[in-house]
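# Analysis of the macromolecular model
Spelled out, the chains give:
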Amino acid sequence: MRKFLVIALLLAVASCARPPSQIRNACAIFDQRDGVFENWKRATRSVEREYGVPVPILMATIYTESSFRARARPPRRYILGFIPWKRASTAFGYSQALDGTWARYQRETGRYLARRDNFADAVRFIGWYHYQSHLRNGIPYSQPYNIYLAYHSGQLGYSRGAYQTRPEALAGAKRFAAITSIYADQLRRCP
């Protein structure tokens, strides 16, 4: 009996490590992650109440940044084309938060045990960050394109217009706005 419980627990933990199978369907994502210990719908609704950031924007951020992979990282650079070197940045986890930004979040919110590879912690960080962008740059939540530009370029970079010379930021913002719209439509029709 004990072995059975250990195996069941390991299978449950292992299933949490994989991203949901239908990441372009918000309803399916929430159906796949509606457990007692890991309930993504409950986590996103809690952040929406705390920071006012709509659930479709929270989910679209994770979709765009990490494709719902808990331990996502930027690719490594290579020396001479084959020797692994440093990564492009310190971005990590669902939110792809940088080390310094994550440390600032922990300091300002008191959430020192928060982890970037934990969905509830990452989505709370995203809500906090979008709320900061809303306060500092006056970006309304009804403008997902601009919300993403502030997330990608940083709040100061956004205010300086740094994204204007970064085609990857503009393409990401376009993709982000599209998936936000898709998620919003789907969530209105979820059972």
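To keep things clear, this report deals only with the structure shown in the data block. (Residues numbered from 1 in each chain as written. Predicted model: local features only at pLDDT ≥ 70, side-chain atom pairs only at ≥ 80, totals over all residues. Heavy atoms only, no water.)

Here we come to the packing of aromatic side chains. Aromatic ring pairs are reported here in terms of the distance separating the ring centres and the angle at which the planes meet. Evaluation of the coordinates by the stated rule reveals 16 aromatic pairs. Ring geometry for Trp40 and Phe119: centres 3.9 Å apart, planes at 10°, overall stacked. Separated by 79 residues along the polypeptide, Trp40 in helix α3 (residues 40-51) and Phe119 in helix α6 (residues 119-137) bring together distant segments of the chain. For Trp40, a relative accessible area of 1% corresponds to the buried category. A relative accessible area of 2% places Phe119 in the buried class. With a centroid separation of 5.2 Å and an interplanar angle of 50°, the aromatic rings of Trp102 and Tyr105 are classed as tilted. In this pair, Trp102 and Tyr105 are both assigned in helix α5 (residues 99-109), three residues apart and thus about one turn of the helix distant. Overall, Trp102 belongs to the buried group, its relative accessible area being 5%. Joined through ring pairs, the aromatic side chains of Trp102, Tyr105, Phe125, Trp128, Tyr129 and Tyr151 make up one cluster. Directly above the ring of Trp40 sits Arg33, whose terminal nitrogen or CZ lies 5.2 Å from the centroid. (Phe/Tyr/Trp six-rings, centres within 6.5 Å; stacked < 30°, edge-to-face > 60°. Helix = DSSP H or I, 4+ residues; strand = E, 2+ residues; numbered from the N terminus. Buried < 20%, exposed > 50% of the residue type's maximum accessible area, 1.4 Å probe, protein only. Lys NZ or Arg CZ within 6 Å of the ring centre and 35° of its normal.)

Here we take up the environment of Asn146. Within the secondary structure, Asn146 sits in helix α7 (residues 144-153). Here Asn146 falls in the buried class, since its relative accessible area comes to 19%. With 27 residues separating them in the primary sequence, Asn146 and Ala173 have C-alpha atoms 7.2 Å apart. Among residues more than four places away in sequence, those in contact with Asn146 are Ile139 and Tyr158. (Contact = heavy atoms within 4.5 Å.)

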